[in-house]
Amino acid sequence: MNSPDPVVLRQLPVIHKIIQDETWLEGERRGCKVATDDPVVRENVCRVVLRVGQQLRDSLVKG
């Protein structure tokens, strides 16, 4: 069995926070509760992760 990448394991809490934030923001935009698996939330999470992914990885590898 393959061992998980330790950097990926350290990224998971940050990704969970991004999901929470984007879910809350989309709920604010719509004025109602939104699920974390909402397509707009997923798209926004992907955009954020892609935008900050390398910075996040670099910070977790160095520190």
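All values reported here derive from a predicted model rather than from experimental measurement.

Q: Got a minute to help me understand the overall build of the protein chain in this structure?
A: In terms of helices and strands, the protein chain carries two helices and zero strands. Its C-alpha radius of gyration of 14 Å places the protein chain more than 25% over the 11 Å reference for a compact globule of 63 residues. Overall, the protein chain is about 40 × 25 × 15 Å in size when its C-alpha atoms are taken along their principal axes. Here the protein chain holds 63 residues, and the buried ones make up 24% of them. Here the analysis covers contacts within the protein chain between residues at least 6 apart in sequence; of these, 47% occur between residues at least 24 apart. As displayed, the protein chain has an accessible area near 5000 Å², and 58% of this comes from carbon and sulfur atoms. Between the centroid of the 10 positive side chains of the protein chain and the centroid of its 9 negative side chains there is a distance of 3 Å.

Q: How do you make sense of helix α1 (residues 6–30) when you look at a structure like this?
A: Along an α-helix, residues three or four apart share an orientation, since each turn contains 3.6 residues. The end-to-end C-alpha distance of α1, which contains 25 residues, comes to 37 Å, matching closely the 36 Å that a straight helix rising 1.5 Å per residue would cover. The largest bend along α1 reaches roughly 35° and is located at Leu12, with the proline Pro13 sitting one to four residues downstream. Directly beyond the C-terminal end of α1, a positive phi value near 80° is found at Gly31.

What counts, and at which threshold
- Residues numbered from 1 in each chain as written.
- Predicted model: local features only at pLDDT ≥ 70, side-chain atom pairs only at ≥ 80, totals over all residues.
- Heavy atoms only, no water.
- Helix = DSSP H or I, 4+ residues; strand = E, 2+ residues; numbered from the N terminus.
- Rg over C-alpha atoms; globule rule 2.2 N^0.38 Å.
- Buried < 20%, exposed > 50% of the residue type's maximum accessible area, 1.4 Å probe, protein only.
- Contact = heavy atoms within 4.5 Å.
- Areas by Shrake-Rupley, 256 points an atom, 1.4 Å probe, with all protein chains shown as cover.
- Lys, Arg positive; Asp, Glu negative; His and termini not counted.
- Charge placed at Lys NZ, Arg CZ, Asp CG, Glu CD.
- Expected span 1.5 Å × (residues − 1).
- Bend = angle between axes of the 7 residues up to and from the residue.

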